[in-house]
Amino acid sequence: MENYETYDYDVLVIGAGGAGLRAVIAAREAGCRVAVVCKSLLGKAHTVMAEGGVAAALGNMDQPDGTKEPDSWEVHFVDTMKGGAFLNNWRMVEIFTKEAPERVLELEQYGAVFDRTPDGLIAERPFGGHKYRRLNHVGDRTGLEIIRTLQDKAVSLGIDVFMEVVITRLLKDGDRVVGAFGYYRESGNFIVFRAKAIVLATGGWGRMYRYTSNSWEGTGDGVMMAFEAGAELLDMEMVQFHPTGMVWPPGMRGILVTEGVRGEGGILRNGKGERFMFNPKYMPELYRGQFAETEEEAERWLTDKQNNRRPPELLPRDVVSRAIYREVEEGRGSEHGGVYLDISHRGADYIKRKLPSMYEQFHALGDVDITKQPMEVYPTIHYTMGGVKVDPETCATTVPGLYAAGEVAAGLHGANRLGGNSLSDILVFGKRAGEHAALYAKTVNLGKIDEQQIAEEEDYLLLPLETKEGENPYDIHRELQETMQKHAMIARTEKGLLEALEKIQELQKRAEHLHVDGDRCFNPGWHAAREIRFMLKTSEIIVRCALERKESRGAQWRLDYPDRDDEFWGKHNLIAVKDGQHIKIEPRPLPEMPERLKALFK
Ligand code: FAD
């Protein structure tokens with residue numbers, strides 16, 4: 001075993017996206033010594049890529065004349081539960097919808113500058129599945145403003161930041177998590193953190209799919225470290241396809257086209273020019289009567305939102321993704337195998353003001369002028385609703401000392417996340433995780449670090465460099481992406497999922513013998529060798545859970561079980577937990593919603 005640096009903290013936060021930074025602020029304000037670690041540079045997380053906005057029922061837009069039901073946490077609650085196909089943890093949704101407005105206003109106090117209404121209030125835009133305009137935004141660069149603000153605030157409080165450090169294992173003392181082990185990306189040198197409490201805020205995982213809006217960081221490290229440490233995972237089969245990823249040019253496939261485009265009036269048409277979302281077969285029973293039924297009404301909604309219903313392009317993401325998939329499968333796709341999304345009718349000035357990044361993205365990457373031409377889009381892997389199971393009040397995982405918040409955690413979004421709800425999720429539960437980790441840290445001493453665990457992880461990391469011959473991690477990654485894209489995609493069947501499982505198991509065997517050239521300095525191949533093993537295990541759990549849930553609900557669309565099963569599966573989450581060398585997967589009854597909240601649906 002070689003020498004490594006060791007640092008001691010009260011609270012260690014792994015991940016510097018919005019969830020991590022909000023946790024850092026809370027733990028520091030509670031008087032703790034805090035450090036944050038991130039795989040890339042500070043400010044480069046997925047949070048910075050967020051475009052459309054942060055959902056919170058501020059009610060700034062839709063009830064000026066008092067004739068309509070005003071926006072409120074209750075309406076946001078109903079929308080989020082419906083969007084999640086009722087698989088959500090009701091208590092998380094209640095906390096979230098009640099606290100989201102406060103968290104957004106607090107961002108303003110920290111210095112965030114949102115777009116404004118003519119009256120000077122924060123401007124809110126419509127988004128899929130939200131009854132009212134509720135997406136507080138900064139053009140289509142909301143994530144950038146949020147991360148800038150949180151970063152300034154966190155750093156001003158006096159914290160330690162470890163950038164370009166990859167954590168690969170949580171260290172335990174008995175049942176309790178007491179530290180974390182990792183390495184510097186630049187030098188490959190090892191580093192150990194001892195901490196009284198750890199907040200996991202490592203974000204989601206999309207890189208095991210071929211087409212994804214996620215960056216290179218989304219490899220499932222955090223969720224798998226928690227799993228290996230014994231934490232329960234929840235509903236891992238629920239992986240969200242965003243309906244609109246870029247299709248063309250090929251190298252750009254999967255890059256996100258924000259839902260803000262549809263929120264600002266973007267129209268979806270198939271290759272025959274039909275506005276297919278008006279086809280009644282795509283309207284779920286739950287939403288019937290709540291959306292515009294003619295193109296004329298949708299047109300009027302653009303200028304009069306009080307007296308007209310939303311266009312069906314603003315149905316939740318799972319619904320729109322399935323509709324696009326169907327159109328393409330049935331031969332009504334666009335030139336390059338997607339459908340068309342057109343915003344040009346809103347005029348160049350409006351588009352450049354409200355959607356500047358989209359304008360630049362298509363202009364620079366695809367040579368398409370979206371003020372004049374439609375975009376081509378197709379569903380892309382975007383978000384993970386499943387993840388580490390947490391207590392709604394405290395964000396504690398099932399492992400003492402370990403807390404989780406943001407996309408790595410699960411329970412809030414059920415079977416399908418509504419757009420905008422992630423940015424408010426990371427603020428609400430990031431704060432709670434930091435506060436409760438701090439409270440816990442005050443009740444314990446630093447734990448004992450087990451050198452054996454460090455030695456094991458060192459060997460595991462170094463093996464691909466020390467082996468003379470073996471598999472290339474990039475080859476395994478490419479084959480995994482093809483498998484997941486083909487069989488664990490938007491439409492799933494038992495046959496396809498079993499094929500995927502078999503292939504993943506073959507890849508896992510091959511991944512036991514990886515070989516990487518070079519040494520530990522600046523060696524992306526070496527990083528890939530660790531990441532592929534996280535991704536293979538994550539994929540195995542996704543596929544096993546998708547096989548187990550024999551129904552269609554939200555993001556889980558089983559062609560062989562096309563109906564929702566409200567009797568059994570609608571009342572059960574799927575829990576995955578480590579059981580020796582095996583993965584135990586079992587349905588667990590959802591907590592029962594109290595009558596006072598059930599009444600909101602009447
Ligand atoms: P992230 O922001 O992903 O941060 C994860 C952090 O963990 C990073 O700092 C990373 O370096 C670190 N990390 C990961 N693994 C390790 C490791 N092994 N060791 C050390 N550090 C590690 N949501 C909305 O609500 N509204 C939107 O408009 C919106 N638009 C989006 C647009 C795009 C293109 C994308 C990709 C997502 C969008 N989302 C949106 C989703 C939202 O941005 C994310 O769900 C959210 O930002 C996740 O925040 P997080 O803090 O949980 O994780």
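This one's a predicted model, so the numbers in the text were calculated from it and none came from an experiment.

About the criteria used
- Residues numbered from 1 in each chain as written.
- Predicted model: local features only at pLDDT ≥ 70, side-chain atom pairs only at ≥ 80, totals over all residues.
- Heavy atoms only, no water.
- Near = heavy atom within 4 Å.
- Polar contact = N/O pair within 3.5 Å; in protein donor to acceptor, adjacent residues only side chain to side chain.
- Areas by Shrake-Rupley, 256 points an atom, 1.4 Å probe, with all protein chains shown as cover.
- Helix = DSSP H or I, 4+ residues; strand = E, 2+ residues; numbered from the N terminus.
- Nonpolar A, V, L, I, M, F, W, Y, C, P; charged D, E, K, R; others polar.
- UniProt positions renumbered as here; feature names shortened; annotations may be inferred.
- Buried < 20%, exposed > 50% of the residue type's maximum accessible area, 1.4 Å probe, protein only.
- Pairing = 2+ DSSP bridges.
- Right-handed = clockwise from strand over helix to strand, strands pointing away.
- Phe/Tyr/Trp six-rings, centres within 6.5 Å; stacked < 30°, edge-to-face > 60°.
- Expected span 1.5 Å × (residues − 1).
- Contact = heavy atoms within 4.5 Å.
- Domains from an automatic or database assignment.
- Buried area = accessible area lost by both parts, 1.4 Å probe.
- Salt bridge = Lys/Arg side-chain N within 4 Å of Asp/Glu carboxyl O.
- Axes fitted to C-alpha atoms, helices over the stretch in contact; angles between N-to-C directions.

The next subject is the site of the ligand. In the region of the ligand, 38 residues are neighbours, and T47, G52, E217, E407 and S422 sit closest. Between the ligand and the protein, one listed contact pairs an oxygen atom with a backbone N or O atom of A19 at 3.0 Å. Here an oxygen atom of the ligand sits 2.7 Å away from a polar atom, N or O, in the main chain of G52. Protein burial of the ligand: of its 1,000 Å² of free accessible surface, 98% is covered by the chains. Put simply, the parts of the chain that give the shell around the ligand at least two residues each are helix 1 (18-29), strand 7 (165-173), strand 14 (375-384) and helix 11 (421-441). Take the shell around the ligand: its biggest share by element is four residues, from helix 11. Partitioned by chemical class, the residues of the shell around the ligand number 16 nonpolar, 16 polar and six charged.

The next thing to look at is the UniProt feature "coiled-coil region" (unreviewed entry) in the protein. Mapped onto the present numbering, the UniProt feature "coiled-coil region" (unreviewed entry) falls on residues 490-517. Secondary structure content for residues 490-517 is 61% helix and 7% strand, and the end C-alpha separation is 37 Å.

Looking along a regular strand, one sees the side chains alternate between the two faces of the sheet. Residues V34 and V36 point to one face of strand 2 (residues 34-37) and A35 and V37 to the other, with burial holding for every one of them. Pairing of strand 1 (residues 5-14) with strand 2, which is carried by four bridges, proceeds in the parallel orientation. Paired with L12 across the bridge in strand 2 is A35. Handedness of the crossover is the feature at issue here: the chain leaves strand 1, passes through helix 1, returns alongside strand 2, and the resulting connection is right-handed. Direction of pairing for strand 2 relative to strand 6 (residues 160-162): parallel, over a ladder of three bridges. Its bridge partner lying in strand 6, A35 is registered against D160.

This brings us to the packing of aromatic side chains. Evaluation of the coordinates by the stated rule reveals 16 aromatic pairs. Measuring from centroid to centroid gives 4.9 Å for F162 and F193, while their planes differ by 85 degrees, and the two rings are edge-to-face. Remark: F193 occurs in strand 9 (residues 190-200) and F162 occurs in strand 6; sequence separation between them is 31 residues. In this pair, the class of F162 matches that of F193, namely buried. Aromatic pair Y209 and F241: ring centres 6.0 Å apart, planes at 85 degrees, arrangement edge-to-face.

With that settled, the discussion passes to the environment of E586. Assignment of secondary structure puts E586 in strand 21 (residues 582-589). Note: C-alpha distance between E586 and H572 (14 residues apart in sequence) is 9.3 Å. Here R588 takes part through its side chain, which lies 3.4 Å from a polar atom of the side chain of E586.

Here we come to helix 14 (residues 494-510). Compared with an ideal rise of 1.5 Å per residue, which puts 17 residues at 24 Å, helix 14 spans 24 Å between its outermost C-alpha atoms and is within 8% of the ideal. Those residues of helix 14 that sit buried are G496, L497, A500, L501, I504, L507 and R510. In this fold, the buried residues of helix 14 make contact with helix 13 (473-487), strand 18 (491-492), helix 15 (524-548) and strand 19 (557-558).

Looking now at the pairing of strand 13 (residues 339-342). Residues of strand 13 alternate between two faces, with V339 and L341 buried on one and Y340 and D342 left unburied on the opposite face. Where strand 12 (residues 267-269) lies against strand 13, three bridges are found, and the strand directions are antiparallel. Paired with I267 across the strands is D342, a residue of strand 13.

Okay, unusual backbone geometry next. Backbone torsion omega between W248 and P249 reads 0 degrees, so that peptide bond is classified as cis. Along the chain, P249 turns up in the loop between strand 11 (239-246) and helix 6 (260-263). For A85, which is not a glycine, the phi torsion comes out positive at approximately 55 degrees. Residue position: A85 is located in the loop between helix 2 (73-83) and helix 3 (90-110). With phi around 45 degrees, F522 is a residue other than glycine that occupies positive phi space. Here F522 shows up in the loop between helix 14 and helix 15. Its relative accessible area of 63% is what places F522 among the exposed residues.

Here E51 is to be found in the loop between strand 2 and strand 3 (54-55). Once you skip the residues sitting within four places of it in the chain, E51 turns out to touch R125, G139, D140, R141, T142, L256, V257, T258, M358 and Q361.

Domain boundaries in the protein define domain 1 (5-62 + 70-240 + 382-441), domain 2 (244-379) and domain 3 (451-570). Put simply, the middle of domain 1 and the middle of domain 2, counted by C-alpha atoms, are 28 Å apart. With 28 residues of domain 1 at the contact, the number on the domain 2 side is 29 residues. Summed over both sides, the interface between domain 1 and domain 2 buries roughly 2,300 Å², with carbon and sulfur atoms accounting for 49% of that surface. The tally of links from domain 1 across to domain 2 stands at two salt bridges.

Okay, the sheet that holds strand 10 (residues 233-234) next. Within a sheet, neighbouring strands are paired by backbone hydrogen bonds and run either parallel or antiparallel to one another. Taken together, the five strands give an open sheet; going across it, the order is 17-15-10-20-21, and neighbouring strands pair in mixed fashion. Each edge of the open sheet carries a strand with a single partner, namely strand 17 (409-410) and strand 21. Note that strand 20 (residues 572-579) and strand 21 share eight bridges and pair antiparallel. By the bridge assignment for strand 21, A576 is matched with I585. In the packing of helix 5 (residues 221-228) onto the sheet, contacts are made with strand 10, strand 15 (387-389), strand 20 and strand 21, and the angle to strand 20 comes to roughly 70 degrees.

A separate point is the sheet that holds strand 12. Across the sheet, which stays open at both edges, the four strands sit in the order 11-14-13-12 with antiparallel pairing between neighbours. Because the sheet does not close on itself, it has two edges, and the strands there are strand 11 and strand 12. Strand-to-strand, the axes of this sheet are offset by a mean angle of 45 degrees, without reference to chain direction. Pairing between strand 13 and strand 14: three bridges, direction antiparallel. Its bridge partner lying in strand 14, V339 is registered against V377. Seen against the sheet, helix 8 (residues 317-329) touches strand 11, strand 12, strand 13 and strand 14 and runs at an angle of roughly 60 degrees to strand 11.

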